[in-house]
Amino acid sequence: MWADIELAVMTGIRPHLPGVKVADELPDKLETRLPLVWVQVAGGGDDRVTDTATVDVHSFAATRAATWDLAEQTRKAMHALAATHNPGQKAVIDDVTTQQRPALVPYGNPALRRAVATYTVSMRERAAT
């Protein structure tokens with residue numbers, strides 16, 4: 001059984017983003033929950049050993065400058081996941097690469113700004129020791 005890549009990413013980046021809510025679903029009244037990072041698997045594949053997922057990461061903040069800062073902090077946090085072990089899921093994240101660097105994307109709410117980046121996350125089950 002494959003590990004939950006969204007959960008592994010959220011668990012892994014939270015310590016790198018103090019004061020930021022990290023979620024796999026957007027809350028109601030999003031503008032009152034900022035800053036927030038939304039993690040969403042958008043596709044991928046596997047080779048029967050490694051699960052390779054395309055992961056979209058949305059960074060929400062109140063201002064353009066704060067959104068850029070959060071997006072770059074999140075990019076560093078994503079890259080820090082490479083070669084890490086998630087004991088809760090008995091999984092290893094082998095690699096994280098950026099497919100699409102953070103870019104501002106309109107959200108339709110003037111009370112917040114959003115940047116979206118896309119990463120490839122390669123993860124496999126860790127053998128029992």
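Criteria and cut-off values
- Numbering of residues begins from 1 in every chain and follows the order in which that chain's sequence is written.
- Totals for whole chains, interfaces and linings use every residue, but because this is a predicted model, local features are given only for residues with pLDDT of at least 70 and side-chain atom pairs only at 80 or more, for both listing and counting.
- Side-chain descriptors were evaluated using all non-hydrogen atoms of the structure, hydrogens and water having been removed beforehand.
- Each pair of strands is called paired provided DSSP finds at least two bridges between the two strands.
- Per the convention used, a helix needs a DSSP run of H or I reaching at least four residues, while a strand needs a run of E reaching at least two, with both numbered from the N terminus.
- Every axis in this analysis is a line fitted to C-alpha atoms, fitted for helices over the stretch in contact. Angles between the N-to-C directions lie between 0 and 180 degrees.
- In this description, contact between two residues means that some pair of their heavy atoms is separated by no more than 4.5 Å.
- Expected span, for any helix, means 1.5 Å times one less than how many residues it has.
- Accessibility here uses a 1.4 Å probe with only protein chains present; expressed as a share of the type maximum, an area under 20% marks a residue as buried, one over 50% as exposed, and anything in between as partly exposed.
- An arc is given here, and it is the one of the directions from the helix axis to the C-beta atoms.
- Only buried Ala, Val, Leu, Ile, Met, Phe, Trp, Tyr and Cys residues count toward a nonpolar core, and they belong to the same one when joined by side-chain atoms within 4.5 Å.

Asks: Report on the sheet that holds strand E5 (residues 91-104), specifying residues and quantitative values.
Replies: Strands sit in the order E1-E2-E3-E6-E5-E4 across an open sheet of six strands; the sheet is mixed. Only two strands of the sheet have a single neighbouring strand rather than two, namely strand E1 (21-23) and strand E4 (84-86). Between one strand axis and the next, the sheet turns through 35° on average, direction left out of account. As defined by bridge partners, E1 adjoins strand E2 (residues 36-46) across three bridges and the pair is classed as parallel. Residue pairing for E2: Val22 is matched across the bridge by Val37. Its contacts with the sheet place helix H1 (residues 5-13) against E1, E2, strand E3 (50-61), E4, E5 and strand E6 (113-125), and it is angled at close to 140° to E2. The strands touched by helix H2 (residues 64-80) within the sheet are E2, E3, E4, E5 and E6, with E5 carrying the most contacts at an inclination of about 155°.

Asks: Describe H2, with residues and values.
Replies: With 17 residues, H2 ought to run about 24 Å at 1.5 Å a step, and its terminal C-alpha atoms sit 24 Å apart, in line with that. Those residues of H2 lying buried are Thr67, Leu70, Ala71, Thr74, Arg75, Ala77 and Met78. Taken end-on, H2 shows its buried residues confined to a sector of 165°, consistent with a single buried face. Along H2, the residues that are exposed and aim more than 90 degrees away from the buried face are Ala65, Asp69 and Lys76.

Asks: An account of the nonpolar core is requested, with residue identities and associated values reported.
Replies: Among the nonpolar cores identified, the biggest contains 24 residues, and Val9, Ile13, Val22, Val37, Val39, Met78 and Val121 are the most heavily contacted of them. Of all the secondary structure elements, the ones that give two or more residues to this core are H1, E2, E3, H2, E5 and E6. When residues of this core are assigned to their parent elements, the largest contribution, five residues, is made by H1. Here Ile13 is in contact with Val22, Val37, Val39, Thr74, Ala77, Met78 and Leu81, once residues within four sequence places are set aside. Formed by five residues, the second largest nonpolar core is a distinct cluster that contains Leu30, Leu36, Trp38 and Phe60.

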